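Structural features, examined
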Amino acid sequence: MIYNSLNNKSEPAKFEEAVVRGIAPDRGLYFPEKIHRLPDSFFENIESKSIPDIAYDAIAPFLEGSIPELELKKIISETLDFEFPVIPIHDNIGTLELFQGPTLAFKDVGARFMARCLGYFNKENSSQKVTVLVATSGDTGGAVANGFLGVSGIEVVILYPKGKVSKVQEQQLTTLGQNITALEVNGTFDDCQDMVKTAFLDQEITTQKQLTSANSINVARWLPQMFYYFIAYRELKKHNKPLVISVPSGNFGNICAGLMAHQIGLPIDHFVASTNINDVVPDYLKTGVYKPIKSSPTISNAMDVGDPSNFIRILKIFGNNFENLKEMLSGYRYTDEETRVALKEIHQTSGYVADPHGAVGYLGLKDYLKNHPNKYGIFLETAHPVKFLDTVEETLDIKVEVPERLQETLSKTKKSIEINDYQGLKKFLIH
Ligand SMILES: *Cc1c(COP(=O)(O)O)cnc(C)c1O
């Protein structure tokens, strides 16, 4: 499979080249040249297929010629080595829990898949060391650190905005050691993301180091997120209703993978992009004008993104046709106050403890279903509530039990290097 840069000024790349580069030399995101389509018969008996088998059929054509079948099957089964339960909330609303992985947020799947792909490519070409450079608004860092920990030939450098991630998140990305380094940036997530993008173009760095990105701009992190939507459909087909999926969105990688899953044939009826006040995409869907903003901090901090990287891929999927896009995708935005009310409402009516991101997804779904009561909807629960302990406990006036696998992380000593600007990053990478 060939990947093209969406800026159209770089040479086409193979999957492994796209993964190792992260972003194309012309700063464009990579996008597959061809999009396959699974036959309708694939979905007729999808309930009887195993999740790894479904995942393999969905993603294999995108990796054709890059990873042999048995190796890819092994990568997939190791990646999906935990549960993805659907929990009913109300009559026609459920939630798909994507946080049962090692770092308690949905990003584990993409990070684990990408780490294993890079590990495989590195085995094939062991002379080339790779530095994974990643900006995190909270959960990516932990998932990437965990997914890449101890993978030989790979060094991981994580940038996170000082004071803007939760305690649990910070512990997860600053306590692992080994091949993982955390850089604590005096700035916002957007600053971190800009610094990463600049480093990729800085020849003084790239002549010394092979850099790659583990943000959802990397195709190996983006594409495996399609699996969630197949899992949801397999589980919910029995309701025999059009299926709507609401995705709490920040950088729009997850929902973009859902739209890709739809593009290869998955019968999802509609997608809802639910955001906090960083609402560039809902605003675009209303006005047709894309206006990046400076991100504002919220209680759903993993979605504090003012210029979502994957938006351009969404446009590409729909051939830049605004009307077609609007038919498949709605967008809603919510304040922190509304999010807290939703946390309470979910808890009071169903006993379920959501996290602030899931609560935003719930709100978007409810607003959409108001006008489409015949559909069945699920919102993605993208993080375990314990990752946002203070907000959840304070809002619901309850104690959230800390899962065992987190207690160890919480007791470790934080190690980070503070930097103020791009020069700080550059100095770190070059020396
Ligand atoms: C990263 C993240 C999101 C946003 O996902 P995108 O793919 O960036 O849109 C939502 N919720 C949680 C908990 C996250 O960690």
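Throughout what follows, the structure given in this document is the object of discussion. These numbers were taken from a predicted model, which means no experiment stands behind them.

**Some remarks on the overall build of the protein chain**
Regarding its fold elements, the protein chain presents 20 helices and 14 strands. Compactness check: the protein chain gives a C-alpha radius of gyration of 20 Å against a globular reference of 22 Å for 431 residues, within 12% of the reference. For the protein chain, the proportion of its 431 residues judged to be buried stands at 60%. Contacts in the protein chain between residues far apart in sequence, at least 24 positions, make up 76% of those at least 6 positions apart. Here the protein chain displays about 16900 Å² of accessible surface, and carbon together with sulfur accounts for 47% of that area. For the protein chain, the separation between the mean place of its 44 positive charges and that of its 53 negative charges on side chains is 2 Å.

**Considerations on the nonpolar core**
Counting 121 residues, the largest nonpolar core has Ile59, Phe148, Leu159, Met226, Phe230 and Leu425 as its most contacted members. The residues contacting Phe230, other than those within four sequence positions of it, are Leu38, Phe42, Phe43, Ile46, Ile54, Ala58, Ala261, Ile264 and Leu266. With 30 residues, the next largest nonpolar core counts Phe99, Tyr368, Phe379 and Leu406 among its residues.

**Details of the site of the ligand**
Around the ligand sit 15 residues, and of these Lys107, Asp139, Gly250, Asn251 and Thr382 come closest. In the environment of the ligand, an oxygen atom lies 2.8 Å from a nitrogen or oxygen atom belonging to the backbone of Phe252. Gly253 is positioned such that a nitrogen or oxygen atom in its backbone is 3.2 Å from an oxygen atom of the ligand. With the chains in place, 98% of the 380 Å² that the ligand exposes on its own is no longer accessible. One can see that the ligand is located within the largest cavity.

**What to know about the sheet that holds strand β10 (residues 243-248)**
An order of β4-β5-β13-β10-β11-β12 is seen for the six strands of this open sheet, with the pairing classed as mixed. A strand with exactly one partner marks an edge of an open sheet, and here the two such strands are β4 (86-90) and β12 (329-333). Sheet twist, expressed as the average angle between the axes of neighbouring strands with direction ignored, equals 25°.

**Examining the packing of aromatic side chains**
Applying the stated criterion to the full structure yields 17 aromatic pairs. Measuring from centroid to centroid gives 5.8 Å for Tyr120 and Phe121, while their planes differ by 65°, and the two rings are edge-to-face. Look at Phe121 and you get buried, because its relative accessible area is 10%. Following the ring pairs from residue to residue traces out a cluster consisting of Phe82, Phe84, Phe106, Tyr228, Tyr229 and Phe271. Over the ring of Phe42 we find Lys49; its NZ or CZ atom is 3.7 Å from the centre of that ring. Positioned above the aromatic ring of Tyr56, the side-chain terminus of Lys73 is 4.8 Å from the ring centre.

**Quick look at the packing of helix α16 (residues 336-350) against helix α18 (residues 389-396)**
One can describe the packing of α16 onto α18 by two numbers: an axis separation of 10 Å at closest approach and a directional angle of 65°. At the point where α16 passes α18, the crossing takes the right-handed sense. Contact with α16, carried on its side by Arg340, Leu343, Lys344 and His347, involves Thr391, Glu394, Thr395 and Leu396 of α18 and no other residues of that element. Partitioning the contact of α16 with α18 into residue classes produces two nonpolar, three polar and three charged.

**Concerning the packing of helix α3 (residues 51-59) against helix α11 (residues 226-236)**
Look at α3 against α11: their axes get within 10 Å of each other, and the N-to-C directions meet at 130°. One way to sum up the angle between α3 and α11 is to call them oblique. Here α3 and α11 pass one another in a crossing that is right-handed. On the side of α3, the interface is formed by Ile51, Ile54, Ala55, Ala58 and Ile59, while α11 contributes Met226, Phe227, Phe230, Ile231 and Arg234. Counted by class, the contact of α3 with α11 contains nine nonpolar, no polar and one charged residues.

**Details of empty space enclosed by the protein**
Here the structure, examined in full by the defined rule, presents three cavities of 30 Å³ or more. Here the largest cavity defines a volume of roughly 250 Å³. Elements with a contribution of two residues or more to the lining of the largest cavity: α6 (139-148) and α12 (253-263). With three residues, the top contributor of residues to the lining of the largest cavity is α12. Of the residues belonging to the lining of the largest cavity, the class tally is eight nonpolar, 12 polar and three charged.

**Notes on the pairing of strand β6 (residues 130-135)**
In terms of burial, β6 is a largely internal element, six of the six residues being buried. Burial of the side chains of β6 extends over both faces: Val130, Val132 and Val134 are buried on one face and Thr131, Leu133 and Ala135 on the other. Of the pairings in the sheet, the one linking β6 to strand β7 (residues 154-161) comprises six bridges and is parallel in character. Looking at β7, one finds that Val134 is bridged to Ile158. In this fold, the crossover linking β6 to β7 by way of α6 has right-handed handedness. Relative to strand β9 (residues 210-213), β6 is paired through four bridges, and the arrangement is parallel. Residue pairing across strands places Val130 opposite Gln210, the latter belonging to β9.

Conventions used here
Residues numbered from 1 in each chain as written. Predicted model: local features only at pLDDT ≥ 70, side-chain atom pairs only at ≥ 80, totals over all residues. Heavy atoms only, no water. Helix = DSSP H or I, 4+ residues; strand = E, 2+ residues; numbered from the N terminus. Rg over C-alpha atoms; globule rule 2.2 N^0.38 Å. Buried < 20%, exposed > 50% of the residue type's maximum accessible area, 1.4 Å probe, protein only. Contact = heavy atoms within 4.5 Å. Areas by Shrake-Rupley, 256 points an atom, 1.4 Å probe, with all protein chains shown as cover. Lys, Arg positive; Asp, Glu negative; His and termini not counted. Charge placed at Lys NZ, Arg CZ, Asp CG, Glu CD. Core = buried A, V, L, I, M, F, W, Y, C linked by side-chain atoms within 4.5 Å. Near = heavy atom within 4 Å. Polar contact = N/O pair within 3.5 Å; in protein donor to acceptor, adjacent residues only side chain to side chain. 1 Å grid on protein atoms, 1.4 Å probe; cavity = no way out; pocket = protein on both sides within 12 Å on 5 of 7 lines; lining within 4 Å. Sits in = over half its atoms within 2 Å of the grid points. Pairing = 2+ DSSP bridges. Axes fitted to C-alpha atoms, helices over the stretch in contact; angles between N-to-C directions. Phe/Tyr/Trp six-rings, centres within 6.5 Å; stacked < 30°, edge-to-face > 60°. Lys NZ or Arg CZ within 6 Å of the ring centre and 35° of its normal. Left-handed = near helix turned anticlockwise from the far one by under 90°. Nonpolar A, V, L, I, M, F, W, Y, C, P; charged D, E, K, R; others polar. Parallel < 35°, antiparallel > 145°, perpendicular 65-115°, else oblique. Points joined across faces, edges and corners; volume = space filled by probe spheres on them. Right-handed = clockwise from strand over helix to strand, strands pointing away.

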